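Structural overview for review
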Amino acid sequence: MKILVPVKRVVDYNVKVRVKPDQTGVDLANVKMSMNPFCEIAVEEAIRLKEKGVATEIIAVSIGPVQAQETIRTALAMGADRGILVQTDDTVEPLAVAKILKAITDEENPDIVLLGKQAIDDDSNQTGQMLAALLDWPQGTFASEVAITDGKANVTREVDGGLQTVALQLPAVITTDLRLNEPRYASLPNIMKAKRKPIDTKAPADYGVDTAPRLEVLKVTEPPKREAGIKVESVAELVAKLKDEAGVI
Ligand code: AMP
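Residues numbered from 1 in each chain as written. Predicted model: local features only at pLDDT ≥ 70, side-chain atom pairs only at ≥ 80, totals over all residues. Heavy atoms only, no water.

A word on helix 2 (residues 68–78). Regarding helix 2, the residues found buried are A68, T71, I72, A75, L76, A77 and M78. Remark: G79 follows helix 2 within two positions and exhibits a positive phi of approximately 150 degrees. (Buried < 20%, exposed > 50% of the residue type's maximum accessible area, 1.4 Å probe, protein only. Helix = DSSP H or I, 4+ residues; strand = E, 2+ residues; numbered from the N terminus.)

So this is what it looks like as structure tokens:
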């Protein structure tokens, strides 16, 4: 069984992002970039399926600038077998990403495409769903548990108010939620080994995909600053403030 894992290079989740003064986006100059955390969870799950003898090959794919090769290397160091970098300096929106992934899926014939539920830079939460639609494959989104048996995937999904388990006929698209697993750190020997694993470099045009943006970002703004809290002397004062100032009771 082959698993395709798309991994996106995004601003590291520890970085406090700053909006550019002209409000066109966030400042990426000299900012630490890493693999999107939900993609790390997808790589980890694919490796666990390989360790269980369910999967035989894991292919990590990234669409982005030449530095996205580092993101693929991280996936290879964790345990993926080979990589495909679809190199472009353009901003690639989820629909174009999904179209490229569809073309790669048609070429590679994986049994599962295992993606993150969302990329933490633009929070789109669209690529997996769009890919499933383009492929006309079943999808299990927000997975907190994945079990593969007899050509089927049982995916437990985190839904509002509980868990839902769906059975998908393979091939299928699965997207990962936070509680699916805790990704491993790559060991030094595996980082060294990953340097010898193959990465193919392609361009969006190789897959016949036009990546021109379909969306226009009008404005990006900082969230409102939180005001400092105050200490109250008594319960009576707290109740009075909640009633008269905050107007919440
Ligand atoms: P999004 O729909 O942008 O929130 O992203 C959801 C998931 O789609 C990510 O966690 C990745 O698995 C995949 N994905 C999105 N953009 C890319 C990209 N440029 N390269 C590789 N995978 C991507």
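Another point: the sheet that holds strand 5 (residues 82–87). Within a sheet, adjacent strands bond to each other through the backbone by hydrogen bonds, running parallel or antiparallel. Judged by pairing direction, the sheet is mixed, and its nine strands sit side by side in the order 9-8-7-10-6-1-4-5-11 without closing on themselves. With one partner strand each, in any of the chains shown, strand 9 (162–169) and strand 11 (199–202) form the two edges of the open sheet. Strand-to-strand twist of the sheet, defined as the mean angle between neighbouring strand axes without regard to direction, takes the value 30 degrees. Bridge count between strand 7 (residues 139–149) and strand 8 (residues 152–159): six bridges; the pairing is antiparallel. (Pairing = 2+ DSSP bridges. Axes fitted to C-alpha atoms, helices over the stretch in contact; angles between N-to-C directions.)

The next subject is the nonpolar core. Ranked by internal contacts, the top residues of the largest apolar core, which has 37 residues, are I3, V5, V7, V43, L114 and I174. Elements supplying a minimum of two residues to this core: strand 1 (2–6), helix 1 (37–51), strand 4 (57–64), helix 2, strand 6 (112–116), strand 7, strand 8 and strand 10 (172–176). At eight residues, the largest contribution of residues to this core is made by helix 1. When near neighbours in sequence (up to four residues on either side) are disregarded, V43 contacts V5, V7, M35, A75 and M78. If you look at the next biggest cluster of nonpolar residues, it comprises 23 residues, including L4, I84, V92 and L115. (Core = buried A, V, L, I, M, F, W, Y, C linked by side-chain atoms within 4.5 Å. Contact = heavy atoms within 4.5 Å.)

What surrounds the ligand is a group of 18 residues, the closest being P6, I63, A119, N125 and T127. Between S124 and the ligand, the recorded distance is 3.4 Å, taken from a backbone N or O atom to an oxygen atom. When the ligand is considered free in solution it has 480 Å² of accessible area, and contact with the protein chains removes 98% of it. Elements with a contribution of two residues or more to the shell around the ligand: strand 4 and strand 6. The element best represented in the shell around the ligand is strand 4, accounting for three residues. Residues belonging to the shell around the ligand are distributed by class as follows: eight nonpolar, eight polar and two charged. (Near = heavy atom within 4 Å. Polar contact = N/O pair within 3.5 Å; in protein donor to acceptor, adjacent residues only side chain to side chain. Areas by Shrake-Rupley, 256 points an atom, 1.4 Å probe, with all protein chains shown as cover. Nonpolar A, V, L, I, M, F, W, Y, C, P; charged D, E, K, R; others polar.)

A separate point is the packing of helix 3 (residues 94–108) against helix 4 (residues 127–135). It is at 9 Å that the axes of helix 3 and helix 4 come closest, and there the two elements cross at 50 degrees. By the angle between their directions, the pair helix 3 and helix 4 is classed as oblique. Both helix 3 and helix 4 take part in a crossing whose hand is right-handed. The segment helix 3 lies against helix 4, with P94, L95, V97, A98, K99, L101, K102, T105 and D106 engaging T127, M130, L131, L134 and L135. Across the contact of helix 3 with helix 4, the residue classes break down as nine nonpolar, two polar and three charged. (Parallel < 35°, antiparallel > 145°, perpendicular 65-115°, else oblique. Left-handed = near helix turned anticlockwise from the far one by under 90°.)

So, on to the pattern of salt bridges. Side-chain pairing between opposite charges can occur once the charged atoms of the two side chains come close. Within the structure shown, the criterion is met by 16 salt bridges. For the salt bridge of D12 with K32, the shortest nitrogen-to-oxygen distance reads 3.5 Å. Separated by 20 residues along the polypeptide, D12 in the loop between strand 2 (9–11) and strand 3 (33–35) and K32 in the loop between strand 2 and strand 3 bring together distant segments of the chain. Using a relative accessible area of 6% as the deciding quantity, one classes D12 as buried. Residue K32 is classed as exposed on the basis of its relative accessible area of 54%. Taken together, the shared-partner salt bridges connect K2, E57, R82 and E108 into one network. (Salt bridge = Lys/Arg side-chain N within 4 Å of Asp/Glu carboxyl O.)

A contiguous nonpolar surface patch, about 710 Å² in accessible area, is contributed by I230, V232, V235, L238, V239, L242, V248 and I249. For I230, the position within the fold is in the loop between strand 11 and helix 6 (235–244). Assessed through its relative accessible area of 62%, I230 is described here as exposed. (Patch = residues over 30% accessible without salt bridge, like charges linked within 9 Å, V, L, I, M, F, W, Y side chains within 5 Å.)

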